[in-house]
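One-letter residues, chain by chain:
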There are 4 protein chains.
Amino acid sequence: PLPRSIGLKIGVINPGKLNAITDVPGVKVGHETIIKGDSIRTGVTAIIPQSGNIFQLKLAAAIFSGNGFGKLAGSTQVDELGNLETPIILTNTLGVAAAMEGLIEHTLSQPGNEAVQSVNALVGETNDSYLNDIRGRHVSRQNVLNAIDNAKEGQVEQGAVGAGTGTVCFGFKGGIGTSSRTLPQSLGGYTVGVLVQTNFGGVLQIDGVPVGEELGKFSFSDKLLNNVDGSCMMVVATDAPLDARNLERLAKRAFMGMAKTGGIASNGSGDYVIAFSTAAAIRIPHQPQTPVSTTGYLHNDFTSQVFMAAIEATEEAIINSLFSATTTRGRSSRLVEALPLDKVIPILKKYNRL
Amino acid sequence: PLPRSIGLKIGVINPGKLNAITDVPGVKVGHETIIKGDSIRTGVTAIIPQSGNIFQLKLAAAIFSGNGFGKLAGSTQVDELGNLETPIILTNTLGVAAAMEGLIEHTLSQPGNEAVQSVNALVGETNDSYLNDIRGRHVSRQNVLNAIDNAKEGQVEQGAVGAGTGTVCFGFKGGIGTSSRTLPQSLGGYTVGVLVQTNFGGVLQIDGVPVGEELGKFSFSDKLLNNVDGSCMMVVATDAPLDARNLERLAKRAFMGMAKTGGIASNGSGDYVIAFSTAAAIRIPHQPQTPVSTTGYLHNDFTSQVFMAAIEATEEAIINSLFSATTTRGRSSRLVEALPLDKVIPILKKYNRL
Amino acid sequence: PLPRSIGLKIGVINPGKLNAITDVPGVKVGHETIIKGDSIRTGVTAIIPQSGNIFQLKLAAAIFSGNGFGKLAGSTQVDELGNLETPIILTNTLGVAAAMEGLIEHTLSQPGNEAVQSVNALVGETNDSYLNDIRGRHVSRQNVLNAIDNAKEGQVEQGAVGAGTGTVCFGFKGGIGTSSRTLPQSLGGYTVGVLVQTNFGGVLQIDGVPVGEELGKFSFSDKLLNNVDGSCMMVVATDAPLDARNLERLAKRAFMGMAKTGGIASNGSGDYVIAFSTAAAIRIPHQPQTPVSTTGYLHNDFTSQVFMAAIEATEEAIINSLFSATTTRGRSSRLVEALPLDKVIPILKKYNRL
Amino acid sequence: PLPRSIGLKIGVINPGKLNAITDVPGVKVGHETIIKGDSIRTGVTAIIPQSGNIFQLKLAAAIFSGNGFGKLAGSTQVDELGNLETPIILTNTLGVAAAMEGLIEHTLSQPGNEAVQSVNALVGETNDSYLNDIRGRHVSRQNVLNAIDNAKEGQVEQGAVGAGTGTVCFGFKGGIGTSSRTLPQSLGGYTVGVLVQTNFGGVLQIDGVPVGEELGKFSFSDKLLNNVDGSCMMVVATDAPLDARNLERLAKRAFMGMAKTGGIASNGSGDYVIAFSTAAAIRIPHQPQTPVSTTGYLHNDFTSQVFMAAIEATEEAIINSLFSATTTRGRSSRLVEALPLDKVIPILKKYNRL
């Protein structure tokens, strides 16, 4: 069950209809889960920011690097130009090159892109090597194309699927999680949706409840240097017309949401946030008709509520990934257990959150 | 009473002896509180990183800008050179220039600095104009020199004192707060101390407990655009030998600690962290004897535990500021109440934290 | 004489009518030159981006730090919010606080700003201590207000005036310089104007001619560690509707222009560029009528020519400062000679540039 | 002939023995040139920072993004951790994924790396699509492994080879160029070596001489919006013991060297600098024996001369690439001519540089 279905309400803003990144109109998500034999536990998740040819009609975008021990591809061009021109692919650390190949293939082969000679493939990753034979490099270009093809609006499958197939979070099985917030009309009515790939450590808190401490399972809990490394990839979509500068600020708030779950952004963590706006009025043509285009951006003064929505949705998306992921056995017979709800629910009750 | 004295334990690492930034050996704190008439409620807080002439023997330092709606002075030189050469002064937004004057005066007049022609004054601020006649610019150079002179080791006065005299946090009286963490010897034995000047908004959580919601007092709670602007200045000291690059990473973790209290880094917030290392082996001479100096830095792999300490100490320092600050009446007869412990303690009990 | 008056043409784009930052409509410049006794040689230069109350109607702006050994005030807020709300003041290193006081006074006292409680004073500086008794702190708030009052459109006085009174550049007398470029209509017709305060070292090249080498006067020329430190403050104005992101890119091109004069951005140099756009369509109201405002920004694809204009105008502005500055005697009877045109012109002829 | 062989001396510091990046002891360069049929004109260049297993013994490193319209892989981890752990590969824009595959294969298969689960492949690129069928993606993982295998100390082949096979610079054939500077012992005796892949536009200046203007071939010279896009990848090696912070500053100076050749960092240019130090005392073990390691870094005050060396070596490396590259015919029968030395030498003489 998802946290909200058992009565846990994270934050003070209401989620969108699906409580998913796909509440932002036009956003699609697709998974390709790769499970083979005893030791291949990995996959690909594609986030399609909008339908149509997004290379020809780019979206305002920004990236925040919370802790850059990661292999995010495509970041400097997003920083410089303030836009994205491909779907966003999440996969494992050593699968980034294959994901780039897939995105390039996808882009070059789209009608209208026959003359395209340059593609900025945007790929995030986390390291699933605890459960997955990552050195075997089992993600292929075709897997990536499949994830893109699988993408659809509506409900998003969460947990040990796609790029979350082999990840570990707070010592439990992590994976893909998603959540959203829709602001009341008086605050603009915008929606913010977040999707995360969770693979990091710290001291787990669920809606403020010290679950990690109660379970005796947290970073440095044995007073020795544990391996707390891992990563969290976060993707934030919004229909608010934020320019790249304000999208970078929005991205930073997702990192705050991660902090609220007890993540510590350890040295080895690759914690990145990619944020984009789907607002039609600010789409960026690859070949503009005129040098100056008329656009409408949200003024700085109206961003705070959108920031708050991103914090909440990220926190809940991470918790959702933990509630959704199932116990997984992987390479070297390693077993990572799902968050033990039979123990967690009593803890949430003990602290009067349920 | 401080949270810890009533039984609240934030985090999993033990505080230092004083639970204050002054647990980092050699660090001193001094306040100058400026209260005059009905409408002057402001002040100055000085953090002295080490005794002696710190211009001549600088300290490795770094700054992280969580949200840069602020007037932090001295940041670009710290970014470029990786060191600090003056005490750190906190004051109000329109008092930054006076604070710079004080720091320059302090530095030029120190024995050994007779030939100094350039001083990078490091000054942070938050805007206390809700309670204080900030336009009157009541902070003087002398107030700053007094705060420096007042600085001492040992207990740190917290709450509505010094630079925290007129600040507001989560709708309650904010101010100065401090806390520390000392790692066990097996994790390096280092101490991290934090001092904050709290003046920001969001949805208050105390050790994970939704106090803001319970009190019905939080950002956007009336579904109208509240003024949630404000700021949080955070200063992190450590005796761990971190270079400027790792100090910047450490500074970023303090911002995560702020997130855990429910801060949202709203548009108008100036949320900055200044981090420095007091480790003797990495002090930086103004006039080096040799081009290459032998130093000893902590390897990246051993930073995670120091990061975790900074997150915890910042969270607790913010909460300490709220517990310490007293109800204050200021300009235009405005009243800002202290955190109502008579209501908060029952809430903490309701959520089984006490 | 200015370089162009003797036939030197730097770059391939034509200057504006005045070859000054004031070619950008609405930009004004004012100087306050402070010369007293034998050892006070300093001053203030004010750049007024537009008439009217710019706090209430801010301008898109950005800052690039080429080398951050400097005391630039106001940078983090410009970075975060993408705008400026005060005139830009240039002065000496230890005069920054006085300049902030002046800008705050100027802003608070303007009609319409009665409720303003926060001002982000934007102040740059270079260190004129070779000629000036900088430790005496002879710049006052009133000097700054005078410089603002003195500001006017039209011709800009260059050389050893205002903030350039006591500066040294490439071993010669530096000072204030300005230049502009106006793009042909086919490239947008925009104007880029630059004003510099030159106080740095390296190996002087004038329009590519190795003047520093010919004169035997350049950094490290005696194979000992010279003091090559110094700074260059650069201000770039344009009427092209660039958003903050593209203004930051524009600012970076000014740094390239500095490189073309032989500047090396030595360790001790504070080389910063402040860029702003005067385009009416993108002015930013302090109190917006609506959350989303209709604006028109220049598309990335049309920025290259504006970048090129900034490179050329900066290079020429620096050379103009050297041609304009006059021999100056200052503290400790130090003498800094003007660029010796009687020797430089033959060198320019030797290299066939005249 | 190379510029220096015909008497052109760029800068005031002497080159190293080979005037190549390989003057920095231990640095190797290898090319794989890929020419097939009428339209495949591309390749790979590998820079090996040091012999041995550099994953296990990393090098301090930093990256500066001059203009980030590019697909540089591996940048965020270098930014965060301050080190590099693989060779540096340069190739074409759509070959980055293949280069990553090659670097990962190279790293995983090295003795001692059997347990490695994460590799930060560092790959730069420029877009050679004017001459090369870039959409055909003709760079393979094996090409990359070959370039690494081909790497050797000593003379470096320059011009239309390796990653420079299909590039265009200032409208002429560009390619690979290299140069170095060795400081006199009185300035530290350090060597700085630079290797560039040139594929960009602007207004060509050779040692300050306006060659682009004289040839009537420069950006926007027809007063229409030309396609001036392109890129310049720059790699800077030094044996000076610079930490990551100072290496980033060093990298920025290479960008200044590019500016001196007339490059304008146009909107579409991907101008990046990767800098690393080979100093043995500051190598970074993947698995440190102790948390704190004794190291010796160069003090800030001694960096200026190293910066100056990087500026000069970059300027000369770019010019060397142009002098070395040969006329090349590529896809769609396009012809890019070599820099016409028969015209350029008279121009250099006209301006008295020869």
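Residues numbered from 1 in each chain as written. Chains lettered and ligands numbered in written order. Predicted model: local features only at pLDDT ≥ 70, side-chain atom pairs only at ≥ 80, totals over all residues. Heavy atoms only, no water.

Enquirer: Please set out the overall build of chain A residue by residue, giving values where relevant.
Expert: Across its full length, chain A carries seven helices and 16 strands. Here the C-alpha atoms of chain A give a radius of gyration of 19 Å, agreeing with the 20 Å that 2.2 N^0.38 yields for 354 residues. For chain A, with 354 residues in total, the buried portion stands at 71%. Put simply, of all contacts in chain A between residues at least 6 apart along the chain, 79% involve residues at least 24 apart. Summed over its atoms, the accessible surface of chain A is roughly 9,900 Å², and 48% of this surface lies on carbon and sulfur atoms. In chain A, which carries 29 positive and 30 negative side-chain charges, the distance between the mean positions of the two groups comes to 4 Å. (Helix = DSSP H or I, 4+ residues; strand = E, 2+ residues; numbered from the N terminus. Rg over C-alpha atoms; globule rule 2.2 N^0.38 Å. Buried < 20%, exposed > 50% of the residue type's maximum accessible area, 1.4 Å probe, protein only. Contact = heavy atoms within 4.5 Å. Areas by Shrake-Rupley, 256 points an atom, 1.4 Å probe, with all protein chains shown as cover. Lys, Arg positive; Asp, Glu negative; His and termini not counted. Charge placed at Lys NZ, Arg CZ, Asp CG, Glu CD.)

Enquirer: Quick rundown of the relation of the copies chain B and chain A? Include the residues and the values.
Expert: Turning chain B through 180° and shifting it by 0.0 Å along the axis lays it on chain A, with an RMSD of 0.0 Å. Put plainly, the chains are arranged around a two-fold axis. Proximity to the rotation axis, assessed at the C-alpha, singles out G208 of chain B in chain B; its C-alpha lies 1.8 Å from the axis. Here 100% of the interface residues in chain B have copies in chain A that are interface residues too; the copies meet face to matching face. (Least-squares fit on C-alpha atoms with pLDDT ≥ 70 in both.)

Enquirer: Tell me what's going on with unusual backbone geometry, and back it up with residues and numbers.
Expert: Residues and elements named next belong to chain B. If you check the backbone angles, S332 has positive phi at about 55° while not being a glycine. Tracing the chain through its elements places S332 in the loop between β15 (328-329) and β16 (335-336). Residue class for S332 comes out exposed when judged on its relative accessible area of 57%.

Enquirer: Account for the relation of the copies chain C and chain B, with residues named and values stated.
Expert: Least-squares fitting of chain C to chain B yields an RMSD of 0.0 Å, with the superposition described by an axial translation of 0.0 Å and a rotation of 180°. In this assembly the copies share their binding face: 100% of the residues contributing to the interface of chain C also contribute to that of chain B.

Enquirer: If you had to explain the interface of chain B and chain A to someone new, which residues and values would you point to?
Expert: In this complex, chain B contributes 51 residues to the contact, which on the side of chain A involves 51 residues. Looking at the side of chain B facing chain A, the largest losses of area belong to M256, N267 and M308 of chain B, adding up to 15% of the total buried there. In this structure, the connection of chain B to chain A is made through 24 residue pairs in polar contact (both at pLDDT 80 or more). Those elements giving two or more residues to the side of chain B that touches chain A turn out to be β3 (57-68), α5 (244-260) and α6 (304-324) of chain B. Counting residues per element, the side of chain B that touches chain A draws most heavily on α5 of chain B, at eight residues. Its residues assigned to classes, the side of chain B that touches chain A shows 23 nonpolar, 17 polar and 11 charged. (Buried area = accessible area lost by both parts, 1.4 Å probe. Polar contact = N/O pair within 3.5 Å; in protein donor to acceptor, adjacent residues only side chain to side chain. Nonpolar A, V, L, I, M, F, W, Y, C, P; charged D, E, K, R; others polar.)

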